[in-house]
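Breakdown of the fold
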Amino acid sequence: MSAPRIREFRRVVFFTGAGMSAESGIPTYRGAGGIWKEYDWEEYACQRAFQRDPEKVWDFHDVRRKTVAAAEPNAGHRVVAEVERAQPDTWVLTQNIDGLHRRAGTKNLVELHGSLWRVRCDREGKVTEDLSVPIASRRCACGAYLRPDIVWFEDALNRASLAAAERALEGCDLLVSVGTSGVVYPAAQLPVIAMKRGAVTVEVNPEDTPVSELYQHRLRGPASAILASLWEV
Ligand code: OAD
């Protein structure tokens, strides 16, 4: 079965994970060099950890801010943005918190796991953008700690984001998953909506994943090269 050409579809959805940003030098979560190999998420990426030791959790997120601030969108992010410019019904549903899709020019974007570049008052829930590195203040004006506006382990996904993702998937005719291991639910379950609606499905990843079997086309290689080939042919 030859790989589909993106240009032949009207409503394309990209579902992206950490592998999308790997070529920008941002480590993935699992596998060799993965963040959760070096850091125990129970100490750095859940509300319980934050309540126990907010300064330690912030130190970890400040390191992540620094890494991401020094990174640039890669050729893969740029192809995804170009597809949207040419085909305005395109959507990007990302599990990434790095903001690189937006920096590459993507506008129709759902950040399912929130953003490293937003903070939320842990008492009042107010969300604000903060691009400072390290974070200018770890506390809100009200005196409570700010926390990154990220969906940590054990947090629920934001309902509005989930609804926006479902809307995009229901209307899509081509689903391209890029650089995700597909193991984190409920986000990883989302592509199934498009599959049930009869969309053509493509998985882009250098390796097989636990969900590879779900996809009609499994393209093995780095995101930038494979996306370029799906777009240019
Ligand atoms: P993972 O780290 O679980 O998976 C990254 C995937 O990217 C793997 O399947 C790699 O094979 C693949 N990969 C590596 N390099 C690549 C490249 N150059 N091009 C394409 N693919 C490549 O990351 P996610 O699936 O995004 O959540 O993880 C999902 C969620 O788990 C994250 O959003 C994060 C994490 O815990 C939270 O922090 C709540």
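Structure report, in brief.

Let us look at the site of the ligand. Among the 22 residues in the neighbourhood of the ligand, the closest are listed as Arg30, His113, Thr180, Ser181 and Asn205. In the model, an oxygen atom of the ligand is placed 2.7 Å from a nitrogen or oxygen of the His113 side chain. Contacts to the ligand include Thr180, whose side-chain N or O atom sits 2.7 Å from an oxygen atom. Coverage of the ligand by the protein amounts to 91% of the 790 Å² it exposes when considered alone.

Now for the pattern of salt bridges. One pass over the full model with this rule turns up 17 salt bridges. Ionic pairing is found between Arg138 and Asp59, a salt bridge with its closest N-O pair at 2.8 Å. Of the two residues, Arg138 sits in the loop between strand E5 (127-129) and strand E6 (146-150) while Asp59 sits in helix H5 (residues 54-69), which places them 79 residues apart along the sequence. Residue Arg220 pairs with Asp208 through a salt bridge whose shortest N-O separation is 2.9 Å. Taken together, the positions of Arg220 in the loop between strand E9 (217-219) and helix H10 (223-232) and Asp208 in the loop between strand E8 (200-204) and E9 put the pair 12 residues apart, joining distant regions of the chain. What makes Arg220 partly exposed here is its relative accessible area of 31%. We classify Asp208 as exposed; its relative accessible area is 61%. One network of salt bridges, in which partners are shared, links Glu55, Asp59, Asp62 and Arg138.

A separate point is H10. For H10, the set of buried residues is Ala223, Ser224, Ile226, Leu227, Leu230 and Trp231. Packing partners of the buried residues in H10 comprise strand E1 (12-16), helix H1 (19-22), helix H6 (75-86), strand E7 (174-178), E8 and E9.

A few words now on H5. Each turn of an α-helix holds 3.6 residues, which means side chains three or four residues apart point in the same direction. An ideal rise of 1.5 Å per residue puts 22 Å on 16 residues; H5 measures up with 22 Å between its terminal C-alpha atoms. Those residues of H5 not exposed but buried are Pro54, Val57, Trp58, Phe60, His61, Asp62, Arg64, Arg65 and Val68. Close packing links the buried residues of H5 with helix H2 (35-38), helix H3 (41-44), helix H4 (47-52), helix H7 (100-104), strand E4 (114-121) and E6.

Read from one edge of the open sheet, six strands run E3-E2-E1-E7-E8-E9, paired in parallel fashion. Looking at the sheet topology across the chains shown, the edges are occupied by strand E3 (109-111) and E9. Taken over all neighbouring pairs, the strand axes of this sheet differ in orientation by 15° on average, direction set aside. Here E7 runs beside E8; their pairing, made up of five bridges, is parallel. Bridging from a neighbouring strand, Val176 pairs with Val202 of E8.

Parameters and conventions
- Counting from 1, residues in each chain are numbered in the order their sequence is written.
- Local features in a predicted model are, by the rule used here, given only for residues with pLDDT of at least 70; side-chain atom pairs are given and counted only at 80 or more, and totals for whole chains, interfaces and linings are based on all residues.
- As a rule here, side-chain values come from all non-hydrogen atoms in the structure, and water together with hydrogens is ignored.
- Summary of the distance rule: residues count as near a molecule or strand when at least one heavy atom falls within 4 Å of that molecule or strand.
- We define a polar contact as two N or O atoms separated by no more than 3.5 Å, with the added condition that, inside protein, one atom must be a possible hydrogen donor and the other a possible acceptor, whereas residues neighbouring each other in sequence contribute only through side-chain atom pairs.
- Computed by Shrake-Rupley with a 1.4 Å probe, the accessible areas treat only the displayed protein chains as cover when residues are assessed.
- The term salt bridge refers to a side-chain nitrogen of Lys or Arg lying within 4 Å of a carboxyl oxygen of Asp or Glu.
- Runs of H or I in DSSP of at least four residues are treated as helices and runs of E of at least two as strands, each being numbered from the N terminus.
- Burial classification: accessible surface area is computed with a 1.4 Å probe over protein chains only, and a residue below 20% of its type maximum counts as buried, one above 50% as exposed, and the rest as partly exposed.
- In this analysis, two residues are considered to be in contact whenever any of their non-hydrogen atoms come within 4.5 Å of each other.
- By definition here, a helix of n residues has an expected span of 1.5 Å times n minus one.
- Any two strands with at least two DSSP bridges between them are considered paired.
- Fitted lines through C-alpha atoms give the axes, limited to the stretch in contact for helices. The angle between two N-to-C directions lies from 0 to 180 degrees.

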